[in-house]
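Each chain, letter by letter, is given below.
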Amino acid sequence: TIEFTRAPDRVRPEIVVVHQPGSVQAEIRVGHLLQGGDVDDWDALVMANEVLGGGPPGRLQQVLRDALGYTYDARSTVQRGRRLGLFQAVTAVRTDVAAAAVEEIIVQLEHLRTTALPSSELADRAGYLVGSLPRSLETPQQVAGEITSHRLLGLPAARLESARSRWMALDTATVRETASLRLRPEQLLIVVAGDATVLQPRLRGLGEVSVVDVEGRSLTLADLVPGPPSEAFDLRGLEPTVLRYAVVAGGIARGEAVRTLEPVEGGWRFASRIEAGPQRLEQHVVVDTVLGFRSSESVLEAPTGRVRVYAELRGDRLRGAVEAGPASTPVDLAAPPGVTLSDGLELALWGTDLSVGREIRLPVADLQAGTVTEVVMRVEEETEITVPAGTFPVFRVSVNGRDPQNFYVRKEAPHVPVRMESVTRPVALELVDAGGR
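For the structure given in this document, a descriptive report is provided here. Just so it is clear, the structure is predicted and the values come from calculations on it, not from any experiment. (Residues numbered from 1 in each chain as written. Predicted model: local features only at pLDDT ≥ 70, side-chain atom pairs only at ≥ 80, totals over all residues. Heavy atoms only, no water.)

### Details of the nonpolar core
- Among the nonpolar cores identified, the biggest contains 54 residues, and Leu362, Leu367 and Met377 are the most heavily contacted of them.
- Tallying contributions element by element places strand β18 (residues 371-387) first for this core, with six residues.
- In this structure, Ile15, Ala44, Ala98 and Leu224 belong to the second largest nonpolar core, which totals 52 residues. (Core = buried A, V, L, I, M, F, W, Y, C linked by side-chain atoms within 4.5 Å. Buried < 20%, exposed > 50% of the residue type's maximum accessible area, 1.4 Å probe, protein only. Helix = DSSP H or I, 4+ residues; strand = E, 2+ residues; numbered from the N terminus.)

### Observations regarding the packing of helix α1 (residues 42-54) against helix α3 (residues 98-114)
- Relative to each other, α1 and α3 sit at 140°, their axes nearing to 11 Å. When the interaxial angle is binned, α1 and α3 end up oblique. As for how α1 packs across α3, the hand of that crossing is right-handed. In contact with Ala48, Val51 and Leu52 of α1, α3 contributes Gln108, Leu109 and Leu112.
- By residue class, the composition of the contact of α1 with α3 is five nonpolar, one polar and no charged. (Axes fitted to C-alpha atoms, helices over the stretch in contact; angles between N-to-C directions. Parallel < 35°, antiparallel > 145°, perpendicular 65-115°, else oblique. Left-handed = near helix turned anticlockwise from the far one by under 90°. Contact = heavy atoms within 4.5 Å. Nonpolar A, V, L, I, M, F, W, Y, C, P; charged D, E, K, R; others polar.)

### Some details on the packing of α3 against helix α7 (residues 172-182)
- Closest axis-to-axis distance for the α3/α7 pair is 7 Å, and the angle between their directions is 125°. By the angle between their directions, the pair α3 and α7 is classed as oblique. In contact with Leu112, Arg113 and Thr114 of α3, α7 contributes Arg176, Ala179 and Ser180.
- Looking at the contact of α3 with α7 residue by residue, the class counts come to two nonpolar, two polar and two charged.

### Thoughts on the pattern of salt bridges
- Counted according to the given criterion, the structure contains 34 salt bridges.
- One salt bridge in this structure joins Arg182 and Asp41, with 2.9 Å as the shortest N-O distance. Placement of Arg182 in helix α7 and of Asp41 in the loop between β2 (25-35) and α1 is noted, with a sequence separation of 141 residues between them.
- Two residues, Arg396 and Glu381, come together in a salt bridge whose shortest N-O distance is 2.9 Å. Separated by 15 residues along the polypeptide, Arg396 in strand β19 (residues 390-399) and Glu381 in strand β18 bring together distant segments of the chain.
- Exposure remark for Glu381: the relative accessible area of 32% places this residue in the partly exposed category.
- Put simply, Glu359, Arg361, Glu374, Arg378 and Glu380 are held in one network by salt bridges that share partners. (Salt bridge = Lys/Arg side-chain N within 4 Å of Asp/Glu carboxyl O.)

### A closer look at the pairing of strand β13 (residues 305-314)
- Both strand β12 (residues 293-302) and β13 contribute to a ladder of eight bridges, which runs antiparallel. Within β13, the position partnered with Ser295 by the bridge is Glu312.
- Between the antiparallel neighbours β12 and β13 lie two residues.
- Pairing of β13 with strand β14 (residues 317-324) involves eight bridges; the strand directions are antiparallel. Pairing of Glu312 across the sheet is with Arg319, part of β14.
- Two successive antiparallel strands, β13 and β14, enclose a turn made up of two residues, where Gly315 displays a positive phi of approximately 65°. (Pairing = 2+ DSSP bridges.)

### Some details on the sheet that holds β2
- One open sheet accounts for seven strands, arranged β3-β4-β2-β5-β1-β6-β7; its pairing is mixed. Because the sheet does not close on itself, it has two edges, and the strands there are β3 (74-79) and β7 (218-219).
- Where β3 lies against strand β4 (residues 84-94), six bridges are found, and the strand directions are antiparallel. Along β4, the bridge assignment pairs Val78 with Phe87.
- Contacts from helix α8 (residues 196-203) reach β1 (14-19), β5 (189-194) and β6 (208-212), with the element oriented near 170° to β1.

### Section: the packing of aromatic side chains
- Considering all chains together, one arrives at one aromatic pair under this definition.
- Residues Phe270 and Trp350 carry aromatic rings whose centres are separated by 5.9 Å and whose planes lie at 80° to one another, so their mutual orientation is edge-to-face. Separated by 80 residues along the polypeptide, Phe270 in strand β10 (residues 267-276) and Trp350 in helix α10 (residues 347-350) bring together distant segments of the chain. You'll find Phe270 and Trp350 in the same group, each marked buried. (Phe/Tyr/Trp six-rings, centres within 6.5 Å; stacked < 30°, edge-to-face > 60°.)

### Some points on the environment of Phe87
- By the element assignment, Phe87 lies in strand β4.
- Classification of Phe87 as buried rests on a relative accessible area of 1%.
- Sequence separation between Phe87 and Ser342 is 255 residues; the distance between their C-alpha atoms is 41 Å.
- Contacts of Phe87, omitting those with residues within four sequence positions, involve Val30, Gly31, His32, Leu34, Asn49, Leu52, Ser76, Thr77, Val78, Leu109, Leu183 and Leu188.

### Concerning the side chain of Ser76
- Along the chain, Ser76 turns up in strand β3.
- Exposure remark for Ser76: the relative accessible area of 2% places this residue in the buried category.
- There is a polar contact of 2.7 Å between the side chain of Ser76 and the side chain of Asn49.
- With near-sequence residues (within four places) excluded, Ser76 lies in contact with Asn49, Leu52, Gly53, Gly54, Leu60, Phe87, Gln88 and Ala89. (Polar contact = N/O pair within 3.5 Å; in protein donor to acceptor, adjacent residues only side chain to side chain.)

### Considering the pairing of β19
- The element β19 is extensively covered by neighbouring structure, given that seven of its 10 residues are classed as buried.
- Both β18 and β19 contribute to a ladder of 10 bridges, which runs antiparallel. Its bridge partner lying in β19, Ile385 is registered against Phe392.
- Once β18 ends, the chain turns through two residues before running back antiparallel as β19.
- The pairing of β19 with strand β20 (residues 405-410) spans six bridges and is classified as antiparallel. Looking across to β20, one finds that Arg396 is bridged to Tyr408.
- What sits between β19 and β20 in their antiparallel hairpin is a turn of five residues, with Gly401 showing a positive phi close to 120°.

Put into structure tokens, the structure is as follows:
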């Protein structure tokens, strides 16, 4: 016989964060083990789960999607096994609201356990469950699967025929009492995959938090703080430059971009203006001659509104604001040595010796997300690429982070980008012309 490890006897939810640096989305799994599926009150537990999140009109969907706008989908399930069962709630939300979403799942679970269930809600959910039963028994394979499941649980196959009448006979008191007995908030294991630098501080109020990487290795808070750049940069040999690009989306030119590098006292100002359709983005970042960040500003004008983001380095902190319409959110981030922004990330490649396999690591601040993460730029291969400005021998440099990209940079110094493309979206900048001022 199979011996199952005894589940931890928790008295408070346990939270595990799977660190995915720079992620703006968080995947949430909340659940705990149940008794085997041959218990007498399983029908009532199924119905309690239907009320909580078993289908589109469930409470989790009503609250997390319809009322709060956190997600497109939120559901819960109870899975039946002979020795052990499983309760689980599942959703995906923005990283910044993940802790609030987890808290709301716990609130809804407790509400189901302790508050009288309206008879109209029970009737609605029972009707939905009964109505969906034929769809789960449409094929011979589905029928065989259900019969096999019942036999493995030690239940008579004939129980399938009485499922409708058993569900419709349930009363509100029985469903609530079963939820109170079987669903245990203090036993929850909560797993959240996302950027731990944002998630860990916000989840601490809900339970004990541990952080692991995607391989399951334990991480400390110190591991989450990006270190200094992997090398020193020297931008003193650069020249003032104007680069003109075509904005390409889906293989079709949609606009233009102009990027300029011009000297300022003790450093450089790297500016960009991008116009594509009804959108216009202007941004600049000021750095010193070793790529040290000084200040930045970006302004996005779009049909949906205007967003301005600005910051400057003050001591060991980045301070500024995110202005979206009349709302203004302050920016106040700890700045590790050598921190930079993605706006000027490519400057790290311009004057650096490159070769296939070389990696450059930098701490990069995302002012809107309020995070600082390590970005890795890796020289993947030598190749050749044709753009409007001509055909160039290039290095392909992969760039991880919030918006993974590929930079195709000229093999000859300065290694300015010939093409910059998003990995996740069909959008790219292709060089049209390059020259000095």
